[in-house]
Amino acid sequence: MELKNVIAKRSNKTIYKSNDKCVKVFSTDFKHSDILNEALNHQRAVETGLLVPEILDVGVVDGDKWGIVTEYVEGKTLQELIKENPDKFDEYLEKFVDLQLEIHSKKSPLLNKLKDKMARKIAETSFDATTRYELNMRLDSMPKHNKVCHGDFKPSNIIVNDNGWYVIDWSHATQGNASADVARTYLLFMLNDGEEVANKYLNLFCKKSDTAKQYVLKWLPIVAASQSVKAIERERDFLTKWVDVVEYE
């Protein structure tokens, strides 16, 4: 297959359109086990009945590089639509929240556990032992659920066309407490769109799901610590501030 038409690029992966296929090619230092896990997460998402592009192949796609091949879904990302139609933001946000609630209504018993993933991320952070201890204690105290959580639910991971809203990029998917997933989306809005948009999202989600805002916010130090592992310099001070709201006894 030809890999010339680049549609997105990240630090360790490049996404191409090749005829009717979407090809995500990973850098050579990307662990094959992580690629296979992402493909497995993606297929499990497909099997929940959600609108997710069909997975077609996994393996070597470009010399010594591995990739994941899915069907190519025509359309625009929700992020693009919001940029083009700012007057429709409230309408888009309603549908965005409804779609996240639909994801949380699904079950996929073989997905990795959210709490296990968060514990691993906390261990990988650069925070001191006292902070890591408090984060783990907070994580242990949170109720255990088994809802499908996307883990990176944001407008750029939704493709909209006449058939509906497709959800892509399931690499961070787990099963667990939906409020952790909401806290992460809230954090992403805070990082990329600012406090006003983030609060608008959180207020709408809590209203639609009848969830206490305080309950969601209890997850923020944990998801902020998890995000800090990416070591994005521009995010460091902001994330540290959120992790520092941990209450010491």
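In what follows, the accompanying structure is described. Predicted model only: the values in this text are computed from it and were never measured.

**Brief notes about the nonpolar core**
Residues Phe-96, Ile-158, Trp-165, Trp-170, Leu-187, Tyr-201 and Trp-219 are the most contacted members of the largest nonpolar core, which totals 56 residues. Beyond its immediate sequence surroundings of up to four residues, Phe-96 is in contact with Leu-78, Phe-153, Lys-154, Pro-155, Ile-158, Trp-165, Thr-185, Phe-189 and Tyr-201. With seven residues, the next largest nonpolar core counts Phe-26, Ile-55, Trp-66 and Ile-68 among its residues.

**Here we look at the state of the cysteines**
Cysteine pairs can be linked by a disulfide, which is a covalent bond between their two sulfur atoms. A full pass over the atoms with the stated rule returns zero disulfides. Not engaged in a disulfide, the cysteine Cys-149 finds its nearest cysteine sulfur in Cys-206; these two sulfurs lie 15 Å apart. The buried category is assigned to Cys-149, whose relative accessible area is 1%.

**A closer look at helix 9 (residues 220–228)**
When you tally the buried positions in helix 9, you get eight out of nine residues, the bulk of the element. Those residues of helix 9 that fall on the buried side of the exposure criterion are Leu-220, Pro-221, Ile-222, Val-223, Ala-224, Ala-225, Ser-226 and Gln-227. Where helix 9 is buried, its residues contact helix 4 (114–124), helix 5 (129–141), helix 6 (178–192), helix 8 (213–217) and helix 10 (236–243).

**Overview of the packing of aromatic side chains**
Under the definition given, this model contains seven aromatic pairs. Between Phe-96 and Tyr-201, the ring centres sit 5.9 Å apart and the planes meet at 70°, which makes this aromatic pair edge-to-face. Of this pair, Phe-96 sits in helix 3 (residues 89–104) while Tyr-201 is found in helix 7 (residues 195–209), placing the two residues 105 residues apart along the sequence. Ring geometry for Phe-189 and Tyr-201: centres 5.3 Å apart, planes at 45°, overall tilted. Here Phe-189 is found in helix 6, whereas its partner Tyr-201 is found in helix 7, with twelve residues between them in sequence. Among the aromatic residues, ring-to-ring pairing joins Phe-96, Phe-153, Phe-189, Tyr-201 and Phe-205 into one connected group.

**Considerations on the packing of helix 9 against helix 10**
Packing of helix 9 against helix 10 brings their axes to within 8 Å, and their N-to-C directions diverge by 145°. As helix 9 runs across helix 10, the sense of the crossing is left-handed. Residues Leu-220, Pro-221, Ala-224, Ala-225, Gln-227 and Ser-228 of helix 9 touch helix 10, and the partners they reach there are Leu-239, Trp-242 and Val-243. Taken together, the residues of the contact of helix 9 with helix 10 break down into seven nonpolar, two polar and no charged.

**A word on the sheet that holds strand 9 (residues 164–167)**
Remark on secondary structure: sheet strands pair via backbone hydrogen bonds, oriented parallel or antiparallel. Strand order in the open sheet formed by three strands is 6-8-9, with antiparallel pairing between adjacent strands. The open sheet has two free edges, formed respectively by strand 6 (76–77) and strand 9, since each of these has just one partner strand. Of the strands in this sheet, strand 8 (158–161) and strand 9 touch helix 3, which is tilted by about 55° from strand 9.

**A look at the pairing of strand 3 (residues 21–26)**
Buried residues dominate strand 3, accounting for five of its six residues. Pairing of strand 2 (residues 13–18) with strand 3, which is carried by six bridges, proceeds in the antiparallel orientation. Paired with Lys-13 across the strands is Phe-26, a residue of strand 3. The turn joining strand 2 and strand 3, which pair antiparallel and follow one another in sequence, is formed by two residues; a positive phi near 55° is taken by Asn-19. The sheet contact formed by strand 3 and strand 5 (residues 65–71) spans five bridges and is antiparallel. If you follow Lys-21 over to strand 5, its bridge partner there is Glu-71.

Conventions we followed
- Residues numbered from 1 in each chain as written.
- Predicted model: local features only at pLDDT ≥ 70, side-chain atom pairs only at ≥ 80, totals over all residues.
- Heavy atoms only, no water.
- Core = buried A, V, L, I, M, F, W, Y, C linked by side-chain atoms within 4.5 Å.
- Buried < 20%, exposed > 50% of the residue type's maximum accessible area, 1.4 Å probe, protein only.
- Contact = heavy atoms within 4.5 Å.
- Disulfide = S-S within 2.5 Å.
- Helix = DSSP H or I, 4+ residues; strand = E, 2+ residues; numbered from the N terminus.
- Phe/Tyr/Trp six-rings, centres within 6.5 Å; stacked < 30°, edge-to-face > 60°.
- Axes fitted to C-alpha atoms, helices over the stretch in contact; angles between N-to-C directions.
- Left-handed = near helix turned anticlockwise from the far one by under 90°.
- Nonpolar A, V, L, I, M, F, W, Y, C, P; charged D, E, K, R; others polar.
- Pairing = 2+ DSSP bridges.

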